[in-house]
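# Survey of secondary and tertiary structure
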Amino acid sequence: MKPIAAAAVAASILTMALPGISLANASGHNVRVNSMSDGIFEAVLRTGNGHLFWCGAADYAHRVIGAPWSAKLHITRGLGPSETTGRRSAVQFTLDANLAQTPPPGGYGSVNSLQAGDTMSVQRALDYCFVPLGWP
């Protein structure tokens with residue numbers, strides 16, 4: 001069996017064996033992204049740096065929702081406990097500027113600040129998917 005076909009079969013088996021798992025919301029670096037209400041979605045990590053939250057949100061926005069590269073991701077709730085899984089590290093995002101909060105004073109701080117109001121384009125956030133895992 002060719003490697004691509006084997007991967008497709010394995011993904012199908014995994015999805016059938018674990019019906020609560022959706023491959024649509026699993027992005028690179030094992031970031032889980034769960035849809036919430038009113039256009040808000042939550043990126044959930046086990047461990048990692050801020051760039052992984054942005055990577056997961058951008059991957060979900062582009063691949064699942066179909067957002068264009070130029071669309072803006074907005075953090076609606078900064079780093080805190082997950083409302084969808086109970087894990088301790090989650091950030092909530094939206095693509096809807098009307099749901100976004102006012103950016104923090106001084107504007108966007110750093111990729112790791114993860115404050116409500118931080119914003120970044122989908123394309124720029126996807127760049128963080130290709131940062132080495134040991135990167136601060």
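Just above sits the structure.
The notes below deal with the structure included here. (Residues numbered from 1 in each chain as written. Predicted model: local features only at pLDDT ≥ 70, side-chain atom pairs only at ≥ 80, totals over all residues. Heavy atoms only, no water.)

### Details of the sheet that holds strand E5 (residues 119-121)
Backbone hydrogen bonds are what pair the strands of a sheet, in a parallel or an antiparallel way. Cut-off, in case you're wondering: By the convention used here, strands pair only if DSSP detects at least 2 bridges between them. Helix numbering and strand numbering both begin at the N terminus, where a helix is a DSSP run of H or I of at least 4 residues and a strand a DSSP run of E of at least 2. A fitted line through C-alpha atoms serves as each axis, taken over the contacting stretch for helices, and the angle formed by two N-to-C directions is quoted from 0 to 180°. Contact definition: two residues touch when any of their heavy atoms are within 4.5 Å.
Strand order in this open sheet of five strands is E1-E2-E4-E3-E5, and the pairing throughout is antiparallel. Two strands close off the open sheet at either side, each with one partner strand: strand E1 (32-35) and E5. Geometrically, the sheet is characterised by an average inter-axis angle of 30° between neighbouring strands, direction not taken into account. Alignment of strand E3 (residues 72-80) against E5, held across three bridges, turns out to be antiparallel. Each bridged residue has a counterpart across the sheet, and for Leu 73 the counterpart in E5 is Met 120. Packing of helix H2 (residues 50-65) onto the sheet brings it into contact with E1, strand E2 (40-44), E3, strand E4 (90-94) and E5, and relative to E3 it is tilted by some 135°.

### Here's the deal with the nonpolar core
Selection rule: Buried Ala, Val, Leu, Ile, Met, Phe, Trp, Tyr and Cys residues form a nonpolar core when they are joined through side-chain atoms within 4.5 Å. Whether a residue is buried, partly exposed or exposed follows from its accessible area with a 1.4 Å probe, protein chains only, as a fraction of its type maximum: under 20%, in between, or over 50%, in that order.
Within the largest apolar cluster, 27 residues are counted, with the highest numbers of intra-cluster contacts made by Phe 41, Phe 53, Trp 54, Leu 73, Phe 93 and Val 122. With eight residues, the single largest contributor to this core is H2.

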